[in-house]
Amino acid sequence: MNNVIAVDIGGTHFRVGLFDEAGRRLLVSENATLPAGGREWVLEQVRDHCRRFAEKSDYPVKACGMSFGGLVDSQCQRVTSVHFAGWKDFALADWMWEMLGVPCRLENDANAGALGEYTYGAGRGLGSLFYVTLSAGIGGGWISEGKIIRGRDGLAGEIGHLPVSDTGVLCSCGARGCLETFCSGEAIARRGQEWAGRRSETRMIELSGGAIEDITAKAVIEAAAQGDMAAERILREAGRWLARALLMVIRLLNPDKIVLGGGVAQAGNLLLDPVNEAIGELKSPTIGFSTAIVLAELGTLSPLYGAAVLAREAAGTPV
Ligand SMILES: [Zn+2]
């Protein structure tokens, strides 16, 4: 028997897991990141958690898999994301390899999430799957016949930057009209703040501790769950934008399933119902399809499970 370590580094959280060679989760820890701490703080925390898990492991740790919440050069196994200061061009897999003394594989969180759902979650037994991570930003991962499809520049599946409109706020990528600016966690939070700034009768304010500028996507989702009309409307609009992009995915790739994961997908049917309603309205009446749109079975842990798959591959264990 051998075990593997999986690590998922995101913008707001980092997770570390210990898995056995059958892919069963033995230990997991989830922690908030300290935005002021920067890269060194995150690395220090990850190192401590990994070493602790390696010590607790009944069997030797054979390999490590990592998911990073930003762009990654999978060929060079380096972070290329510029979204978090200090990470650009960091050789994260090499750092981990040196630290743990075992082989390490790195992917971005959307590809890792896709792998996790394909192997252990909603995509088990399927031929193809498109995974969408809806968190602060939006990413996508495309798996066909068990393989991650990357494209020439590693950008295949990057649904967050599909230009769905000619107008809108400036996207983090520098363009305008990207899907991410309409239905990411940041976009939903911004819509909540805009609404609350105009009309004060919404649960969103109370759920955020009284300060309009503190309204988050989580507060919008919670308010919608409590029947707040404004919050429900924001999620309906976000769902409609997402539906447009998912229809494009279906038209281009026609996957067996589209899986929605990430923090915003924790809204469950409050998001999925508007998406399916909008797809019903927008789709062609004559070109039918059977691609199902479902929620991630592994919740917010899809990328961590995907990291475990990477680790098992690095360890040479058949997945
Ligand atoms: Zn963009």
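Scroll up to find the structure.
Note that the structure is predicted; figures quoted are calculated from it, not measured. (Residues numbered from 1 in each chain as written. Predicted model: local features only at pLDDT ≥ 70, side-chain atom pairs only at ≥ 80, totals over all residues.)

Draft legend 1. Quick look at the environment of A315. If you trace the backbone, A315 turns up in the segment after α10 (302-314). Through-space distance from the C-alpha of A315 to that of I221 is 40 Å; in sequence the pair is 94 residues apart. Once you skip the residues sitting within four places of it in the chain, A315 turns out to touch N2, V4, K62 and A63. (Helix = DSSP H or I, 4+ residues; strand = E, 2+ residues; numbered from the N terminus. Contact = placed C-beta atoms within 7 Å.)

Draft legend 2. Focus on unusual backbone geometry. Although it is not a glycine, Q77 sits at a positive phi angle of roughly 60°. If you trace the backbone, Q77 turns up in the loop between β5 (72-73) and β6 (78-79). Among the residues examined, Q77 registers 19 C-beta atoms within 10 Å and is labelled partly exposed. We note that E145 has phi near 50°; this positive angle belongs to a residue other than glycine. Mapped onto the fold, E145 is located in the loop between β9 (138-144) and β10 (147-148). For E145, a count of 8 C-beta atoms within 10 Å translates into the label exposed. (Buried ≥ 20, exposed ≤ 12 C-beta atoms within 10 Å, placed from the backbone.)

Draft legend 3. Structural detail: the packing of helix α8 (residues 229-253) against helix α9 (residues 269-282). Direction vectors running N to C along α8 and α9 enclose 55°, while the axes themselves pass 7 Å from each other. Here α9 runs oblique to α8, going by the angle between their axes. α8 and α9 meet at a crossing whose hand is right-handed. In contact with L235, R236, G239, R240, L242, A243, R244, L246 and L247 of α8, α9 contributes L270, L271, P274, V275, A278, I279 and L282. Of the residues belonging to the contact of α8 with α9, the class tally is 12 nonpolar, 1 polar and 3 charged. (Axes fitted to C-alpha atoms, helices over the stretch in contact; angles between N-to-C directions. Parallel < 35°, antiparallel > 145°, perpendicular 65-115°, else oblique. Left-handed = near helix turned anticlockwise from the far one by under 90°. Nonpolar A, V, L, I, M, F, W, Y, C, P; charged D, E, K, R; others polar.)

Draft legend 4. Region of the structure containing the environment of L242. The residue L242 is located in helix α8 in this model. Separated by 174 residues in sequence, L242 and F68 have C-alpha atoms that sit 23 Å apart. Beyond its immediate stretch of four places on either side in the chain, L242 contacts C183 and V275.

Draft legend 5. A look at the sheet that holds β10. Taken together, the 5 strands give an open sheet; going across it, the order is β10-β9-β8-β11-β12, and neighbouring strands pair in mixed fashion. Edge positions in the sheet fall to β10 and β12 (292-295), since each has one partner strand and no second. (Pairing = 2+ DSSP bridges.)

Draft legend 6. View of the pairing of strand β8 (residues 128-134). Of all the 7 residues making up β8, 6 are buried; the element is thus mostly covered by neighbouring parts of the structure. Relative to β9, β8 is paired through 7 bridges, and the arrangement is antiparallel. When the bridges of β9 are listed, F130 appears paired with W142. Hairpin connection from β8 to β9: 3 residues lie between these consecutive antiparallel strands. Strand direction decides the pairing type here: β8 and strand β11 (residues 257-261), joined by 5 bridges, are parallel. Bridge assignment links V132 to a residue of β11, and that residue is L260.

Draft legend 7. Region of the structure containing α8. Between the first and last C-alpha of α8 there are 35 Å, a value that for 25 residues agrees with the 36 Å anticipated at 1.5 Å per step. Within α8 the residues assigned to the buried category are A231, I234, L235, A238, G239, W241, L242, A243, A245, L246 and V249. Among the residues trailing α8, N254 stands out with phi positive, at a value near 45°. (Expected span 1.5 Å × (residues − 1).)

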